[in-house]
Amino acid sequence: DPSELGTLRSRGFNPVAFAWPMPVALSLFDRHGSLAKAWNGAFVGRHTPKRWDWLWPIQHFKDLLWIAGGIEGAELSYMLNRATMGLHVNIEAAPQFAIQRLLIYAACGLPIISDVLTNDSVLHPNDHYVAVRTADEFHAAIEALLGDMGRRNALADAAYHHVRSTWGASKRVKALVEAVA
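Residues numbered from 1 in each chain as written. Predicted model: local features only at pLDDT ≥ 70, side-chain atom pairs only at ≥ 80, totals over all residues. Heavy atoms only, no water.

Enquirer: Just checking my understanding: could you explain the overall build of the protein for this structure?
Expert: Within the protein, the regular secondary structure consists of 7 helices and 5 strands. Starting at the N terminus, the α and β elements of the protein follow one another as α-β-α-β-α-β-α-β-β-α-α-α. In terms of C-alpha radius of gyration, the protein reaches 16 Å, essentially the compact-globule figure of 16 Å for 181 residues. For the protein, the spread of C-alpha atoms along the three principal axes comes to 50 × 35 × 30 Å. The buried share of the protein, taken over its 181 residues, is 44%. Restricting to contacts in the protein with at least 6 residues of sequence separation, those with at least 24 account for 68%. When the accessible surface of the protein is totalled, it reaches about 9200 Å², and 56% of it is carbon and sulfur. Where the 17 positive side-chain charges of the protein centre and where its 17 negative ones centre are 4 Å apart. (Helix = DSSP H or I, 4+ residues; strand = E, 2+ residues; numbered from the N terminus. Rg over C-alpha atoms; globule rule 2.2 N^0.38 Å. Buried < 20%, exposed > 50% of the residue type's maximum accessible area, 1.4 Å probe, protein only. Contact = heavy atoms within 4.5 Å. Areas by Shrake-Rupley, 256 points an atom, 1.4 Å probe, with all protein chains shown as cover. Lys, Arg positive; Asp, Glu negative; His and termini not counted. Charge placed at Lys NZ, Arg CZ, Asp CG, Glu CD.)

Enquirer: How should I be thinking about the side chain of Ser 77 in this particular structure?
Expert: Within the element layout of this structure, Ser 77 appears in helix α3 (residues 73–80). Of the residues examined, Ser 77 reaches a relative accessible area of 1% and is grouped as buried. In contact with Ser 77, not counting residues within four places along its chain, are Leu 28, Phe 29, Asp 30, His 32 and Cys 108.

Enquirer: I'm lost on the side chain of Thr 84 in this one. Help?
Expert: Mapped onto the elements of the fold, Thr 84 is located in strand β3 (residues 83–88). Judged by relative accessible area, Thr 84 falls into the buried class, the value being 16%. Once residues lying within four places of it in the same chain are set aside, the contact partners of Thr 84 are Lys 37, Trp 39, Asn 40, Leu 110, Pro 111, Leu 146 and Arg 152.

Enquirer: I would appreciate a short explanation of the pattern of salt bridges in the present structure.
Expert: Oppositely charged side chains may form a pair once their charged atoms are brought near each other. What the rule picks out here adds up to 4 salt bridges. One salt bridge connects Asp 115 with Lys 50, and the closest N-O pair in it is separated by 2.4 Å. One end of the pair, Asp 115, is in strand β4 (residues 112–115); the other, Lys 50, is in helix α2 (residues 49–59), with 65 residues separating them in the sequence. For Asp 115, a relative accessible area of 2% puts it in the buried group. On the basis of relative accessible area, Lys 50 is assigned to the buried category, the value being 16%. (Salt bridge = Lys/Arg side-chain N within 4 Å of Asp/Glu carboxyl O.)

Remember that the coordinates give geometry; whether it matters functionally is a separate question.
This is how it looks when you write it as structure tokens:
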């Protein structure tokens, strides 16, 4: 995880040649276009005070699916494919590198709205997701994407193709083996 490089180096792990997010199992996480949409947004992550503050106002009003845990693989892919967009809110006020969750959203073909990330080297704001800094921006971005199918589709397509061409398990595992061999 690229966001952990500083921590690793401060604890004596030097040199660190590279850092990547875990590769995405594209055989599990993919678009299932024939599924009816049941939720406007999907959020995967545990409850924290910040997440509650951001998500509670829209939970019922905007038909939010909040998965706190206990679901993975094919079941998670199925549930995400029934949502209109993927949502991410950091655990705390500090930026985080929650890229694995965003890569899975993208692999499922969801447009993404995300709180600030510590590293934009894997997915790029405005190209692959909508970046927000406050709960008000988050709510406004949800409204905007729900009302703009063209923008929603453009974001989803760009992130989907980026993940499939760059972050799939078959490609990344091979690159990792080559790098350490």
